[in-house]
Amino acid sequence: MTKKIGLMVGMEWSWPPAFIEEVNGRNQGVTAEFVTVGGTQMNEPHEYAVIVDRISHEVPYYRSYLKNAMLQGTHVINNPFMWTADDKFFGASLITKLGLASPKTAALPNKEYIPGIDHSKSLRNLAFPMPWQDLVEYVGGFPCVLKDAHGGGWKEVYICHDMEELYRSYDQSGLLTMVLQEFIEWEDYIRCMVLGQENVLVMRYDPNTRQYSHPDGLSQEMYDRIVADCQTLCRAFGYDMNTCEFAIRDGIPYAIDFMNPAPDMDVNSLGYEFHRWCVEGMADMCIRLAKEEGTQVGEMRWSGLF
């Protein structure tokens, strides 16, 4: 029986059709197509062995659909239960426990709250005023970074050089939960695409121009450490599709951003060579998972109850 891989995407245009063409052109008893959904019944059977999710972080109904698909035995990339639970503050704490280098990070209370929150009654556990000076000193002083704990794509990221700039940036954050983070004055910057928690594409990246290039001149020792750190990160979070970014300072690769489970694979961003690595690598992984026996459900506590 032919196994099916489903693809859920948003506005991206170059990687999805290239991936579908790559899978279908291999003639390995596995086909790929776009998923179509429009209302989902509980415990509704699913036709897909694998679903690649690149949009449910922006479309909440898709996340509900994918959790049910996983319950029915579909392997979802990335695990929607893990992705829902993670944030950048927890991630920074976890990887430090794992022995990886990470900038000092602090979680902040929200600037604003949903309607119905009474500031005098609902927030009695919050200290006021917030100890801003202590937090800034903890992360190493200015400049420091203020960013969305659940964000990606360099959105809602502010480099703050003094307290006034920090206050102004925080006041714009609205309902977002922000983290305050040490600013790493980097000597080199590396971004890695990681597939299947194992295969790592190491690329040099310029955060200012958003340009990728080959990591020429990177020592073998640094290269090997970054690859190993990427594998550790993705295994810890259970991500089969992710990018990990490292700011290198004084010979130490600091994991700056490592929770991008719908990473940019566009040919205009990556360039043709790196784009093709993603197309072919994703096809390899998804075909393998489609053919494997067993399900992803075993990762969840409730799997042993039925």
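Below, the structure is looked at part by part.

Reading the values: the criteria
- Residues numbered from 1 in each chain as written.
- Predicted model: local features only at pLDDT ≥ 70, side-chain atom pairs only at ≥ 80, totals over all residues.
- Heavy atoms only, no water.
- Disulfide = S-S within 2.5 Å.
- Buried < 20%, exposed > 50% of the residue type's maximum accessible area, 1.4 Å probe, protein only.
- Pairing = 2+ DSSP bridges.
- Helix = DSSP H or I, 4+ residues; strand = E, 2+ residues; numbered from the N terminus.
- Axes fitted to C-alpha atoms, helices over the stretch in contact; angles between N-to-C directions.
- Contact = heavy atoms within 4.5 Å.

A complete count under the given rule lists zero disulfides for this structure. Left unpaired, Cys 230 is separated from the closest cysteine sulfur, that of Cys 192, by 3.7 Å. Residue Cys 230 is classed as buried on the basis of its relative accessible area, which comes to 0%. Lacking any disulfide linkage, Cys 234 is separated from the closest cysteine sulfur, that of Cys 244, by 4.2 Å.

We now examine the sheet that holds strand β3 (residues 50-53). Spatially, the four strands line up as an open sheet ordered β2-β1-β3-β4, and their pairing is parallel. The strands lining the two open edges of the sheet, one partner per strand, are β2 (30-34) and β4 (75-77). Neighbouring strand axes in the sheet, compared pairwise and without regard to direction, differ in orientation by 20° on average. Two strands pair when backbone bridges link them, and strand β1 (residues 3-8) and β3 are joined in this way by four bridges, in the parallel orientation. Paired with Gly 6 across the two strands is Ile 51, which belongs to β3. Most of the contacts of helix α1 (residues 15-25) go to β2, to which it runs at about 160°, and overall it touches β1, β2 and β3. Helix α2 (residues 60-71) rests against β1, β3 and β4 of the sheet, and its axis sits at about 155° to β3.

Quick look at the pairing of β2 now. Where β1 lies against β2, five bridges are found, and the strand directions are parallel. Looking at β2, one finds that Lys 4 is bridged to Thr 31.

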